Amino acid sequence: MPEAISVQQQAALSQLAPGEQLLAYGIVVPVKSAEGVKIKHGKIGGMLGDQLMHRYGAQSGGDQSIAAAIPPTSGALLMRVTDQRVGLVRHLDGTSVWEVPRTWAAQVERRPRLQLMARFRVHYADGSWLAFLTARRRTIEAFTTALNNGSTDGS
């Protein structure tokens, strides 16, 4: 009898190329679209949280950078790292939102928490980066391991 897998795992596995291997996946929220994801300590605390998140940095890089190519999104997405690419897909059906070749992702950097959720950045080969939030620190650790140790030659 086949092993049951979660909806998120099914989404992460969807639309992979023949032979492509899934290394890590997890639910994330791009900081650029995270206005509703915060601890509210009254009206002032919530407004302050919004301002800090957007001023503290959702991305770096110019208009032609890898990070600038991410389309506007809203809410949670599934980040997946494979041996060939890194990107965001819809967590229910695996529809691709944005993906880049895995060789373009240089590293994952864990950031200090400003909110209830763990924060991290994915740095890209051109020096740009995107910031994300996730509910689980283990998700960041899985991405770090996959990007540092995953195969980039397809084997």
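Rules and cut-offs
- Residues numbered from 1 in each chain as written.
- Predicted model: local features only at pLDDT ≥ 70, side-chain atom pairs only at ≥ 80, totals over all residues.
- Heavy atoms only, no water.
- Core = buried A, V, L, I, M, F, W, Y, C linked by side-chain atoms within 4.5 Å.
- Buried < 20%, exposed > 50% of the residue type's maximum accessible area, 1.4 Å probe, protein only.
- Helix = DSSP H or I, 4+ residues; strand = E, 2+ residues; numbered from the N terminus.
- Contact = heavy atoms within 4.5 Å.
- pLDDT = per-residue confidence, 0-100.
- 1 Å grid on protein atoms, 1.4 Å probe; cavity = no way out; pocket = protein on both sides within 12 Å on 5 of 7 lines; lining within 4 Å.
- Points joined across faces, edges and corners; volume = space filled by probe spheres on them.
- Pairing = 2+ DSSP bridges.
- Salt bridge = Lys/Arg side-chain N within 4 Å of Asp/Glu carboxyl O.

### Regarding the nonpolar core
Part 1: Residues L88, W98 and F120 are the most contacted members of the largest nonpolar core, which totals 25 residues.
Part 2: Looking at this core, the elements that each hand over two or more residues are strand 1 (22-30), strand 3 (77-82), strand 4 (85-89), strand 5 (96-101), strand 6 (105-111), strand 7 (118-124), strand 8 (129-134) and helix 3 (137-149).
Part 3: Leaving out residues up to four positions away in the same chain, L88 has contacts with V28, P30, I70, L77, L78, M79, T95, S96, V97, W98, E99 and F132.

### Considering the confidence of the model for the protein
Part 1: Summary statistics for the protein give a mean pLDDT of 80 and a share of 77% for residues scoring 70 or more.
Part 2: Per-element confidence in the protein is highest for strand 3, whose mean pLDDT is 96, and lowest for helix 2 (residues 42-56), whose mean pLDDT is 43.
Part 3: In the model, residues 36-55 has pLDDT below 50 throughout and makes 24 contacts with residues more than four positions away in sequence or in other chains.

### Concerning the layout of surface pockets
Part 1: Space inside the largest pocket adds up to approximately 160 Å³.
Part 2: Around the largest pocket, the lining residues are Q8, Y25, G26, I27, L78, T134, A135, R136 and T139.
Part 3: Ranked by residue count, the leading element in the lining of the largest pocket is strand 1, at three residues.

### Let's talk about the pairing of strand 4
Part 1: Most of strand 4 is tucked away, with five of its five residues classed as buried.
Part 2: By the alternation rule, side chains of strand 4 split into R85, G87 and V89 and V86 and L88, which are all buried.
Part 3: In the sheet, strand 3 pairs with strand 4 via four bridges, with the strands oriented antiparallel. Bridge assignment links M79 to a residue of strand 4, and that residue is L88.
Part 4: Taken together, strand 3 and the strand that follows it, strand 4, pair antiparallel across an intervening segment of two residues.
Part 5: The pairing of strand 4 with strand 5 spans five bridges and is classified as antiparallel. By the bridge assignment for strand 5, G87 is matched with E99.
Part 6: Connecting strand 4 to the antiparallel partner strand 5 that follows it, the hairpin turn spans six residues, and G94 within it adopts a positive phi of roughly 80°.

### Describing the pattern of salt bridges
Part 1: Under the criterion given, the structure shown has five salt bridges.
Part 2: The partner of R80 in a salt bridge is E99, and the shortest N-O contact between them spans 2.9 Å. With R80 in strand 3 and E99 in strand 5, this residue pair connects regions lying 19 residues apart in the sequence.
Part 3: For E99, a relative accessible area of 22% puts it in the partly exposed group.
Part 4: With its nearest N and O atoms 3.9 Å apart, the salt bridge here joins E109 to R121. Note that E109 is positioned in strand 6 and R121 in strand 7, a separation of 12 residues in sequence.
Part 5: Here R121 falls in the buried class, since its relative accessible area comes to 10%.

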